Amino acid sequence: MQRVATGYGLIEGPVWDPQRGLYFSDVMNGGVFLLDRAGEVSTAVPKRRGIGGMALHESGGIVVGGRDIACVSLTDGTTKPLLSLDAIPGATGFNDLTTDAAGRIYVGSLAFRVFGGETPKPGHLHVIDLDGSMRTLSDGVLLTNGLGFSPDGKLLYHCDARGPYVRVYDAKPDGSVGPWRKFVSLGDDKVPDGLKVAQDGSVWVADAHGGRVAVFNPDGSHRQDIAVPLPMVTSLCFAGDDLRDLYIVTGSRGGPHENCGSIFKTRADVPGMPLPLAKVAL
């Protein structure tokens, strides 16, 4: 496992652009960055903090979370809001997100300030439809994290970092989901964070307290653990031309200093699923 970037507070939201490279955010220090194919890092979106999830948009921009859901142009920085806090009573922000094959955006809202020491309150799961309208799909998730669809699009996986387990919903063609059920638990003292799904249907979950990526078979049985050199593993991303380059990102908690958040790269034994472009109207 190779360390390819370091010096960040809390890395989140890795998303692979086949043309440009790996985009990632620094939740605590702010900014979206690009790790290009040559291994060089540049700033793509300056300053914006609290971005826990991202997706590329068909317009060429990048969808980001945080204080709202917005699409930011990667050419001139123009920001177009897609979902504001005003639309969700009691919401304090948005964390992770994903897209489905149609280009809808699925995102979890927060109902407490995660880094403010507040008592956790349950938030919701929402979908932003292609016309820009929003529907609330599920509730009772305390700290929404990784989201990802099965290869056939019929299941949506969703991490609750205060659960501490991974939910699964039956996903419907109209963008709605059925009632959630428990898929797997990482253990009572574990925190499931970012999540990705591979082409064989396996579910790869970042363990934010465990220094690993835990891999589960589609039936929920545990397949393997991938050990990571830093304990706070926050997310992961399949990348490369064959989608078998595995980027694993971390925060600084438990590391040698407060800005040791790093990106590690290794090879996966199966290819991942590409993240569909968001197609929500701007």
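Residues numbered from 1 in each chain as written. Predicted model: local features only at pLDDT ≥ 70, side-chain atom pairs only at ≥ 80, totals over all residues. Heavy atoms only, no water.

(A) How the structure looks around the nonpolar core. Of all hydrophobic cores here, the largest spans 17 residues; its most connected members are W204, V213, I226, L236, L246 and I248. When residues of this core are traced back to their parent elements, those giving at least two are β19 (203-207), β20 (212-216), β22 (233-239) and β23 (245-250). Beyond its immediate stretch of four places on either side in the chain, I248 contacts M1, V213, I226, V228, V233, S235, L236, S262, I263 and F264. A55, I69, A278 and V280 belong to the second-largest nonpolar core, a separate cluster that totals 15 residues. (Core = buried A, V, L, I, M, F, W, Y, C linked by side-chain atoms within 4.5 Å. Buried < 20%, exposed > 50% of the residue type's maximum accessible area, 1.4 Å probe, protein only. Helix = DSSP H or I, 4+ residues; strand = E, 2+ residues; numbered from the N terminus. Contact = heavy atoms within 4.5 Å.)

(B) Just the pattern of salt bridges, in detail. Enumeration over the complete set of coordinates arrives at 14 salt bridges. Between R48 and D68 there is a salt bridge, and its shortest N-O distance comes to 2.7 Å. Here R48, found in the loop between β5 (41-45) and β6 (54-56), pairs with D68, found in the loop between β7 (62-64) and β8 (69-72); they are 20 residues apart in sequence, far enough to count as distant. Each member of the pair, R48 as well as D68, carries the same accessibility label: buried. (Salt bridge = Lys/Arg side-chain N within 4 Å of Asp/Glu carboxyl O.)

(C) Expanded view of the packing of aromatic side chains. Inspection of every chain in the model, using the stated rule, returns eight aromatic pairs. The rings of Y8, F24 and F33 are connected pair by pair, giving a single aromatic cluster. Above the ring of W180, the side-chain terminus of R167 is found at 4.1 Å from the ring centroid. (Phe/Tyr/Trp six-rings, centres within 6.5 Å; stacked < 30°, edge-to-face > 60°. Lys NZ or Arg CZ within 6 Å of the ring centre and 35° of its normal.)

(D) Structural detail: the sheet that holds β23. Strand order across the open sheet formed by four strands is β1-β24-β23-β22, with antiparallel pairing between neighbours. Bordering the open sheet on either side are β1 (2-8) and β22, each of which pairs with just one other strand. Ignoring which end each strand starts from, the neighbouring axes of this sheet average 20° apart. Bridging between β1 and strand β24 (residues 261-267) involves five bridges; their strand directions are antiparallel. Residue pairing in the sheet places T6 in a bridge with S262 of β24. (Pairing = 2+ DSSP bridges. Axes fitted to C-alpha atoms, helices over the stretch in contact; angles between N-to-C directions.)

Fair warning: the whole summary comes from geometry, so function is off the table for now.
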